[in-house]
Amino acid sequence: MPKNTAVGPKRFWKSFWYAAQGLRQAFRTEMNMKVHTCLAVLVLLFAGLLRVPPGDWMLLLLAITLVLAAELINTAIESVVDLVSPEVHPLAKAAKDTAAGAVFLAAAFAVIAGIYVFYHPVIDWITALMS
Ligand SMILES: Nc1ncnc2c1ncn2[C@@H]1O[C@H](COP(=O)(O)OP(=O)(O)OP(=O)(O)O)[C@@H](O)[C@H]1O
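Residues numbered from 1 in each chain as written. Predicted model: local features only at pLDDT ≥ 70, side-chain atom pairs only at ≥ 80, totals over all residues. Heavy atoms only, no water.

> I keep staring at the packing of aromatic side chains and nothing clicks. Help me out?
The geometry of an aromatic ring pair comes down to the distance between the two centres and the angle between the two planes. Overall, the coordinates contain 4 aromatic pairs when judged by the stated rule. Relative to Trp-13, the ring of Phe-12 lies with its centre 5.2 Å away and its plane at 75 degrees, an arrangement referred to as edge-to-face. The rings of Phe-12, Trp-13 and Phe-16 are connected pair by pair, giving a single aromatic cluster. (Phe/Tyr/Trp six-rings, centres within 6.5 Å; stacked < 30°, edge-to-face > 60°.)

Take a look at the structure:
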């Protein structure tokens, strides 16, 4: 596999290309990335339907970005651990479990942000349906 041997601006743009390859690889191989991306699309569609305010859109985008970024870092750490320690090792376990903990924290924040953003719009929507 070639390294980024380009120099100057070409090197800069090539690093974007490698980042895009990383996103594509994670999306193709990681079931959690597919699940999180589908959930993110659903949340954004729902936010559009319920016409949530602009500030709340930013909160949703922040939560989605945090979860996907944590998932990508978790995937990267899993790959490195599998490369350097294919055998069972307490440090390999600690690295993988800690990385998974980061995803859990980000997902917990996303759930809280979702409740904060959607609570009143959903109550209003149900009230309007019943009246
Ligand atoms: N080399 C290892 N040594 C010790 N424990 C490990 C090792 N590899 C995995 N584990 C333990 O098994 C758990 C699951 O690891 P695994 O590699 O299957 O990741 P995963 O959480 O299933 O991720 P994914 O399904 O996204 O690949 C880890 O969180 C860790 O507790």
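> In this structure, what is going on with the UniProt feature "binding site: ATP" (unreviewed entry) in the chain? I would like to understand it.
The UniProt record marks Arg-11, Tyr-18, Glu-30, Glu-78, Glu-87, Val-88, His-89, Lys-96 and Asp-97 with the feature "binding site: ATP" (unreviewed entry), using the residue numbering of this structure. For the residues just named, distributed over 87 residues, the greatest C-alpha separation reaches 37.9 Å, placing them at more than one site. Residue placement: Arg-11 occurs in helix 1 (residues 9-29). When residues no more than four places from it in sequence are discounted, the contact partners of Arg-11 are Asn-4, Thr-5 and Ala-6. Within the secondary structure, Glu-78 sits in helix 3 (residues 54-84). Discounting residues that sit within four places of it in the chain, Glu-78 has contacts with Glu-30 and Lys-96. (UniProt positions renumbered as here; feature names shortened; annotations may be inferred. Helix = DSSP H or I, 4+ residues; strand = E, 2+ residues; numbered from the N terminus. Contact = heavy atoms within 4.5 Å.)

> Looking at this structure, I do not really get the side chain of Asn-74. What am I missing?
Following the sequence through the fold, Asn-74 ends up in helix 3. Excluding residues within four positions of it along the chain, Asn-74 makes contact with Lys-96, Ala-99, Ala-100 and Val-103.

> Help me understand the UniProt feature "binding site: a divalent metal cation" (unreviewed entry) in the chain, please; the structure alone is not making it clear to me.
With numbering matched to this structure, UniProt assigns "binding site: a divalent metal cation" (unreviewed entry) to Glu-30 and Glu-78. These annotated residues cover 49 residues of sequence, and their C-alpha atoms lie no more than 11.1 Å from one another, placing them together at a single site. Position of Glu-30 relative to the elements: it lies in the loop between helix 1 and helix 2 (31-49). Discounting residues that sit within four places of it in the chain, Glu-30 has contacts with Thr-75 and Glu-78.

> I'm lost on the site of the ligand in this one. Help?
Inspection of the region around the ligand gives Glu-30, Glu-78, Ser-85, Glu-87, Val-88, His-89, Ala-92, Lys-93, Lys-96 and Asp-97 as its neighbouring residues. Between Glu-78 and the ligand, the recorded distance is 2.8 Å, taken from a side-chain N or O atom to an oxygen atom. Glu-87 has a polar backbone atom sitting 3.1 Å from a nitrogen atom of the ligand. In isolation the ligand offers 610 Å² of accessible surface; the protein chains occlude 56% of this area. With 4 residues, helix 4 (residues 90-130) is the largest single contributor of residues to the shell around the ligand. (Near = heavy atom within 4 Å. Polar contact = N/O pair within 3.5 Å; in protein donor to acceptor, adjacent residues only side chain to side chain. Areas by Shrake-Rupley, 256 points an atom, 1.4 Å probe, with all protein chains shown as cover.)

> Help me out: how do you make sense of the pattern of salt bridges in this one?
Side chains bearing opposite charge may pair, as long as their charged atoms lie close to each other. Here the structure, examined in full by the defined rule, presents 2 salt bridges. With its nearest N and O atoms 2.7 Å apart, the salt bridge here joins Lys-96 to Asp-82. Placement of Lys-96 in helix 4 and of Asp-82 in helix 3 is noted, with a sequence separation of 14 residues between them. The exposure class assigned to Asp-82 is partly exposed, which follows from its relative accessible area of 43%. The partner of Lys-93 in a salt bridge is Asp-97, with the nearest N and O atoms 2.7 Å apart. In this pair, Lys-93 and Asp-97 both sit in helix 4, 4 residues apart, roughly one turn of the helix. What makes Lys-93 exposed here is its relative accessible area of 53%. A relative accessible area of 42% places Asp-97 in the partly exposed class. (Salt bridge = Lys/Arg side-chain N within 4 Å of Asp/Glu carboxyl O. Buried < 20%, exposed > 50% of the residue type's maximum accessible area, 1.4 Å probe, protein only.)

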